[in-house]
Amino acid sequence: MISIIITVYNAENTINATINGIIKNCSNELFEIVIVNDGSQDDTFNILNKYKNVNNITIINQENQGVSKARNVGLKHVSKYSEYITFVDDSDMISENFISEAKSFFENYKNINIAVSPILICKSESTYSHTLNYRFNNIKEYVDIIEDYHDIHFHIGGVVFRTSLFNNPEYKFNESISFWEDAALINTIILDQRYYGLLHNSNYYYDRNN
């Protein structure tokens, strides 16, 4: 099972599309969605309330405490059967084969615990490649950060982790910072793990309209 954690703040205009898109694109996979509503002040609470009885969706409502706290809360609520974890922002989307590509990679590379997909930026009516996607221009399937030290990563979108990683109490989002918290965690893990996978054939769609 893959656990998809969505942190939500004032997303009344986008969260329906994000949730429904994930459900559609993951229909052939075993998955759960953990949604943490971080004190939204718009109609987000009422929109999320429509999903409260869906079996594979968990909704947590909390006072606004920031995205790091919300993601850490989400981690605490994943199923005990979870094998993989990914994070999706409340206006973003994953490709139809996102889960299957991640599962296939981790089955083939049992000693690698983190993998990333290309990021496509969606703005206005255009979709274009994120600057991080240069790593996907060759055929290598994983990065050795010691040898390939130029192949950095800093964006939480499109990253898939083995759930077992988060048994390490050091692998949590830093709740004392309000930006680049994902870069801090990702790079801590990558430097510890040394290797991370490249999921060439899936995409994470990053909405820059919001």
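Shown above is the structure to which this text applies.
Residues numbered from 1 in each chain as written. Predicted model: local features only at pLDDT ≥ 70, side-chain atom pairs only at ≥ 80, totals over all residues. Heavy atoms only, no water.

(A) Quick peek at the sheet that holds strand 5 (residues 93–94). Here 4 strands make up an open sheet; going across it, the order is 5-12-7-8 and the pairing mixed. Two strands close off the open sheet at either side, each with one partner strand: strand 5 and strand 8 (126–129). The sheet contact formed by strand 5 and strand 12 (residues 204–207) spans 2 bridges and is antiparallel. Within strand 12, the position partnered with Met-93 by the bridge is Tyr-205. (Pairing = 2+ DSSP bridges. Helix = DSSP H or I, 4+ residues; strand = E, 2+ residues; numbered from the N terminus.)

(B) Structural context of the layout of surface pockets. Space inside the largest pocket adds up to approximately 390 Å³. In terms of lining residues, the largest pocket is bounded by 18 residues, among which Thr-7, Val-67, Arg-71, Asp-89 and Asp-90 are the most central. The set of elements that each furnish at least two residues to the lining of the largest pocket consists of strand 1 (2–8), helix 3 (67–76), helix 5 (181–193) and strand 12. Classifying every residue of the lining of the largest pocket gives 5 nonpolar, 5 polar and 8 charged. (1 Å grid on protein atoms, 1.4 Å probe; cavity = no way out; pocket = protein on both sides within 12 Å on 5 of 7 lines; lining within 4 Å. Points joined across faces, edges and corners; volume = space filled by probe spheres on them. Nonpolar A, V, L, I, M, F, W, Y, C, P; charged D, E, K, R; others polar.)

(C) Fine view of the nonpolar core. Counting residues in hydrophobic clusters, the biggest one holds 30 residues, and the most contacted among them are Ile-4, Ile-6 and Ile-22. At 5 residues, the largest contribution of residues to this core is made by helix 4 (residues 98–108). Setting aside anything within four residues of it in sequence, one finds Ile-4 in contact with Ile-22, Cys-26, Phe-31, Glu-32, Ile-33, Val-34, Thr-86, Val-88, Ile-94 and Ile-99. Counting residues in each nonpolar core, the second largest holds 28 residues, with Val-36, Phe-87, Phe-136 and Ile-189 among its members. (Core = buried A, V, L, I, M, F, W, Y, C linked by side-chain atoms within 4.5 Å. Buried < 20%, exposed > 50% of the residue type's maximum accessible area, 1.4 Å probe, protein only. Contact = heavy atoms within 4.5 Å.)

(D) Molecular detail of the side chain of Ser-82. With respect to the helices and strands, the residue Ser-82 is situated in the loop between helix 3 and strand 4 (84–89). Look at Ser-82 and you get buried, because its relative accessible area is 10%. One polar contact links Ser-82 to Thr-163, side chain to side chain, over a distance of 2.8 Å. (Polar contact = N/O pair within 3.5 Å; in protein donor to acceptor, adjacent residues only side chain to side chain.)

(E) Quick peek at the packing of aromatic side chains. If you walk through the whole model with that rule in mind, you get 9 aromatic pairs. Aromatic side chains Phe-154 and Trp-180 sit 5.3 Å apart centroid to centroid with 45° between the ring planes, which places their arrangement in the tilted category. Of this pair, Phe-154 sits in the loop between strand 9 (142–144) and strand 10 (159–162) while Trp-180 sits in the loop between strand 10 and helix 5, placing them 26 residues apart in sequence. Between Phe-161 and Phe-166 the ring centres are 5.2 Å apart and the planes differ by 70°, which places this aromatic pair in the edge-to-face class. A single burial state applies to Phe-161 and to Phe-166, both of which are buried. (Phe/Tyr/Trp six-rings, centres within 6.5 Å; stacked < 30°, edge-to-face > 60°.)

(F) Main features of the pairing of strand 1. Most of strand 1 sits inside the fold, with 7 of its 7 residues counted as buried. Across the two faces of strand 1 the burial is the same, with Ile-2, Ile-4, Ile-6 and Val-8 and Ser-3, Ile-5 and Thr-7 all buried. When strand 1 meets strand 2 (residues 31–38), the two strands line up parallel, connected through 7 bridges. Following the sheet pairing, Thr-7 is matched in strand 2 by Val-36. Note that the unit made of strand 1, helix 1 (residues 15–25) and strand 2 has a crossover that is right-handed. Pairing geometry for strand 1 and strand 4, over 6 bridges, is parallel. The residue bridging Ile-2 from the neighbouring strand is Tyr-84, located in strand 4. (Right-handed = clockwise from strand over helix to strand, strands pointing away.)

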